[in-house]
Amino acid sequence: ETGVTQTPRHLVMGMTNKKSLKCEQHLGHNAMYWYKQSAKKPLELMFVYSLEERVENNSVPSRFSPECPNSSHLFLHLHTLQPEDSALYLCASSQWRGDVNTQYFGPGTRLTVL
Amino acid sequence: AQSVSQHNHHVILSEAASLELGCNYSYGGTVNLFWYVQYPGQHLQLLLKYFSGDPLVKGIKGFEAEFIKSKFSFNLRKPSVQWSDTAEYFCAVETSGTYKYIFGTGTRLKVLA
């Protein structure tokens, strides 16, 4: 059983909808991540939060908007997405201690944009 | 730019066969290395990791990996696979001291019973 949970597990939305993905970690970690997993492509790092501050925005379009209200919760707000945004969105967390950074992943949200 | 290559995209083996999955990376500095596994319908799970010390690391479920610095490689091995090892395997490299993982494209392993 993973210490990182994600909801919903599946989401279908139209291009004009607004929805949010939620991630919660129960591991006491201080860093959280959003990744995009598309078929036949490497996992792509989207956003990184460390101690609730965004430290990385990996050239992600503005239609994806992250929010990290505290060290245990991470959201990804979605609006006016495109069909090519359909993918598995993974959340991860880690205890960032300088030279050691092992990430633990949630089960993902399978997003389909119609 | 840093990259991670997993040359075997699909591997099919019979039970009890030996497994070796390749992973090569392009970065000349100090790295941390990981192998993750994703079983069908499940989340990414850590198999093993290397930070320092003995370059031969042992992970869960009988897997091991060897870091060969001169070859920029971190190949995953298992002497005898089982049907339950059917999964997708991902190699990841972190530049030591950062939070950025660079993932390979993954290798789909199918083990025939």
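Reading the values: rules and limits
- Residues numbered from 1 in each chain as written.
- Chains lettered and ligands numbered in written order.
- Predicted model: local features only at pLDDT ≥ 70, side-chain atom pairs only at ≥ 80, totals over all residues.
- Heavy atoms only, no water.
- Pairing = 2+ DSSP bridges.
- Helix = DSSP H or I, 4+ residues; strand = E, 2+ residues; numbered from the N terminus.
- Axes fitted to C-alpha atoms, helices over the stretch in contact; angles between N-to-C directions.
- Contact = heavy atoms within 4.5 Å.
- Buried area = accessible area lost by both parts, 1.4 Å probe.
- Salt bridge = Lys/Arg side-chain N within 4 Å of Asp/Glu carboxyl O.
- Polar contact = N/O pair within 3.5 Å; in protein donor to acceptor, adjacent residues only side chain to side chain.
- Buried < 20%, exposed > 50% of the residue type's maximum accessible area, 1.4 Å probe, protein only.
- Phe/Tyr/Trp six-rings, centres within 6.5 Å; stacked < 30°, edge-to-face > 60°.

**What to know about the sheet that holds strand β3 (residues 18-25) of chain A**
Residue and element names in this part refer to chain A. With respect to topology, four strands assemble into an open sheet ordered β1-β3-β8-β7, the strand pairing being antiparallel. Strands with a single pairing partner mark the edges of an open sheet, and in this sheet they are β1 (4-7) and β7 (64-70). Across the sheet, the mean angle from the axis of one strand to that of its neighbour is 20°, orientation sign disregarded. In the sheet, β3 pairs with strand β8 (residues 73-79) via seven bridges, with the strands oriented antiparallel. Bridge pairing links K19 to L78 in β8.

**Points about the interface of chain A and chain B**
Counting residues at the interface gives 25 residues for chain A and 21 residues for chain B. Taking both sides of the interface into account, the surface hidden between chain A and chain B amounts to around 1800 Å²; carbon and sulfur atoms contribute 58%. Per-residue buried area on chain A facing chain B is highest for A:N101, A:T102 and A:F105; these three make up 24% of the total on that side. For the interface between chain A and chain B, the tally reads zero salt bridges. Where chain A touches chain B, the interface holds six residue pairs in polar contact (both at pLDDT 80 or more). Put simply, the parts of the chain that give the side of chain A that touches chain B at least two residues each are β4 (31-37), β5 (44-50), β6 (53-57) and β9 (87-94) of chain A. If you tally residues by element for the side of chain A that touches chain B, the top one is β4(A), at three residues.

**Examining the pairing of strand β2 (residues 10-14) of chain B**
All names here are of chain B. Covered by surrounding structure in β2 are V11 and L13 only, the residues H10, I12 and S14 on the alternate face being uncovered. Here five bridges tie β2 to strand β12 (residues 107-112), and the two strands are oriented parallel to one another. Bridging across to β12, V11 finds its partner in L109.

**Section: the environment of B:L48**
All names here are of chain B. Mapping L48 onto the fold places it in strand β6 (residues 45-50). The exposure class assigned to L48 is buried, which follows from its relative accessible area of 4%. L48 sits 15 residues away from L33 along the chain, and the two C-alpha atoms are 8.5 Å apart. Filtering out sequence-adjacent residues up to four positions away, L48 remains in contact with L33, F34, W35, V57, K58, G59, F63, E64, A65, F74 and L76.

**Describing the packing of aromatic side chains**
Taken as a whole, this structure holds 15 aromatic pairs over all chains when the rule is applied. Between the aromatic rings of B:Y25 and B:F72, the centroid separation amounts to 5.6 Å while the plane-to-plane angle is 75°, which identifies the pairing as edge-to-face. Here B:F72 lies in the loop between β8 (64-68) and β9 (73-78) and B:Y25 lies in strand β4 (residues 24-26), a separation of 47 residues in the sequence. Judged by relative accessible area, B:Y25 falls into the buried class, the value being 7%. B:F72 gets classed as partly exposed once you look at its relative accessible area, which sits at 33%. Ring centres of B:F34 and B:Y101 lie 4.6 Å apart, and the angle between their planes is 25°; this geometry places the pair in the stacked category. On the criterion of sequence distance, the pair formed by B:F34 in strand β5 (residues 31-38) and B:Y101 in strand β11 (residues 101-103) is long-range, its members being 67 residues apart. Here B:F34 matches B:Y101 in class, with each residue buried. Ring pairing ties together the aromatic residues A:Y33, A:Y35, A:F105, B:F34, B:Y36, B:F51, B:Y101 and B:F103, which thus form one cluster.

Any functional reading would require information beyond the geometric quantities listed.
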